[in-house]
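Coordinates in review
Residues per chain are reported as follows:
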Amino acid sequence: MTGILGAVLIGGRSSRFGSDKAQAMFGGRSLADHAAAALRPFVQEVVMIGGDAVPDLPRAGLGPLGGIAAALDHGASRGFRCVLTIGCDMPRVPDAVFETLLHRAPAYCSDAPVLGLWPSALGAQLLSYLEVGDDRSVRGWARAVGAIPIASGVAIPNVNTRDDLMAL
């Protein structure tokens, strides 16, 4: 296995936003496109996870962990060593955050846990965790696999509402 797959998680319900926030426009591009662009300098390939793209595993409705599970499965099946994940609602992530994450795996951003570098080999373990565990938080799973929390050192904008988008 070689290389790193970039995965943009687009499968959320967007309930606070009121419509599919992955497709919300910001500066002439969708939020999902901004997230993908942020990943591209650090990965060999970018894939959209969730919705009509690569479906969450083991099923929809499990939050970000379902998307991460799908990304790990997708990455492993294509020979990627690791997967670098980002939420579609994170249009501006400093390069330094990615650069720090890339030195450790598993690792995640303690200020925005969906930002993480996960070995593809953890996919089966995550699927098992989702089937038997009650904690659906990324932080909970990260603790379970010994992922290293890394502070971003700066505020990372996260778009949950239309007001958040307007404030960018």
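Summarised in this report is the structure supplied together with it. Along each chain, the written sequence defines residue order, and numbers are assigned to residues from 1. At least 70 in pLDDT is required for a residue's local features to be given in this predicted model, at least 80 for side-chain atom pairs to be given and counted, and no such filter applies to totals for whole chains, interfaces and linings, which use all residues. Excluding hydrogens and water, the side-chain values take into account all heavy atoms of the structure.

1. Describing the nonpolar core
Rule in force here: Buried Ala, Val, Leu, Ile, Met, Phe, Trp, Tyr and Cys residues form a nonpolar core when they are joined through side-chain atoms within 4.5 Å. Using a 1.4 Å probe on the protein chains alone, a residue whose accessible area is under 20% of its type maximum counts as buried, one over 50% counts as exposed, and one in between counts as partly exposed. The contact criterion used is simple: two residues touch if any of their non-hydrogen atoms lie within 4.5 Å.
Core analysis: the biggest nonpolar cluster contains 54 residues, and Ile-86, Leu-115 and Trp-141 have the highest contact counts within it. When sequence neighbours within four positions are dropped, the list of residues in contact with Leu-115 reads Thr-85, Ile-86, Met-90, Val-93, Val-97, Phe-98, Leu-101, Tyr-108, Cys-109 and Ile-156. Phe-17, Ala-24, Phe-26 and Leu-165 belong to the second-largest nonpolar core, a separate cluster that totals six residues.

2. Thoughts on the packing of aromatic side chains
Applied cut-off: Pairing of aromatic rings covers Phe, Tyr and the six-membered ring of Trp, with a centre-to-centre limit of 6.5 Å; geometry is then stacked below 30 degrees between planes, edge-to-face above 60, and tilted otherwise. Strands here are runs of E lasting at least two residues and helices are runs of H or I lasting at least four, both read from the DSSP assignment and numbered beginning at the N terminus.
Taken as a whole, this structure holds three aromatic pairs when the rule is applied. Between Phe-42 and Phe-98 the ring centres are 5.2 Å apart and the planes differ by 35°, which places this aromatic pair in the tilted class. Of this pair, Phe-42 sits in the loop between helix 1 (31-39) and strand 4 (45-49) while Phe-98 sits in helix 3 (residues 95-101), and the two are 56 residues apart along the sequence. A single burial state applies to Phe-42 and to Phe-98, both of which are buried. Note on Tyr-108 and Trp-118: the rings are 6.5 Å apart at their centroids and 10° apart in plane angle, and the pair reads as stacked.

3. Considering the environment of Gly-27
With respect to the helices and strands, Gly-27 occurs in the loop between strand 2 (25-26) and strand 3 (29-30). In this structure, the C-alpha to C-alpha distance between Gly-27 and His-74, residues 47 residues apart in sequence, is 30 Å.

4. So, the pattern of salt bridges
To keep things clear, this is the line we draw: Put simply, a salt bridge is a Lys or Arg side-chain nitrogen that is within 4 Å of an Asp or Glu carboxyl oxygen.
Inspection of the entire model under this criterion finds three salt bridges. Measuring nitrogen to oxygen at the nearest pair gives 3.9 Å for the salt bridge that ties Asp-135 to Arg-143. On the accessibility criterion, Asp-135 (30% relative accessible area) is partly exposed.

5. Focus: helix 4 (residues 123-132)
Two residues of an α-helix separated by three or four positions point the same way, owing to the 3.6 residues in each turn. Let me state the cut-off plainly: The arc under discussion is defined with respect to the helix axis, by the directions toward the C-beta atoms.
For helix 4, the complete set of buried residues consists of Gly-123, Leu-126, Tyr-129 and Leu-130. One side of helix 4 carries all its buried residues, which in axial view fall inside an arc of 120°. For helix 4, the exposed residues lying more than 90 degrees away from the buried face are Ala-124 and Val-132. In this structure, the buried residues of helix 4 make contact with helix 2 (64-77), strand 7 (112-119) and helix 5 (138-144).

6. A look at the packing of helix 2 against helix 4
We count it as follows: Angles shown run from 0 to 180 degrees and are taken between the N-to-C directions of axes, each axis being a line fitted to C-alpha atoms and, for helices, limited to the stretch in contact. Throughout this description, any angle smaller than 35 degrees is read as roughly parallel, any larger than 145 degrees as roughly antiparallel, any in the 65 to 115 degree range as roughly perpendicular, and the remainder as oblique. Crossings are assigned a handedness: left-handed for a near helix turned anticlockwise from the far helix by less than a right angle, right-handed for a clockwise turn. Amino acids are sorted into nonpolar (Ala, Val, Leu, Ile, Met, Phe, Trp, Tyr, Cys and Pro), charged (Asp, Glu, Lys and Arg) and polar (every other residue, Gly among them).
Relative orientation of the contacting elements helix 2 and helix 4 amounts to 150°, with a least axis distance of 9 Å. Judged by the inter-axis angle, helix 2 sits roughly antiparallel to helix 4. Between helix 2 and helix 4 lies a crossing whose hand is left-handed. On the side of helix 2, the interface is formed by Leu-65, Gly-66, Ile-68, Ala-69 and Leu-72, while helix 4 contributes Gly-123, Leu-126, Leu-127, Tyr-129 and Leu-130. Here the contact of helix 2 with helix 4 is composed, by residue class, of eight nonpolar, two polar and no charged.

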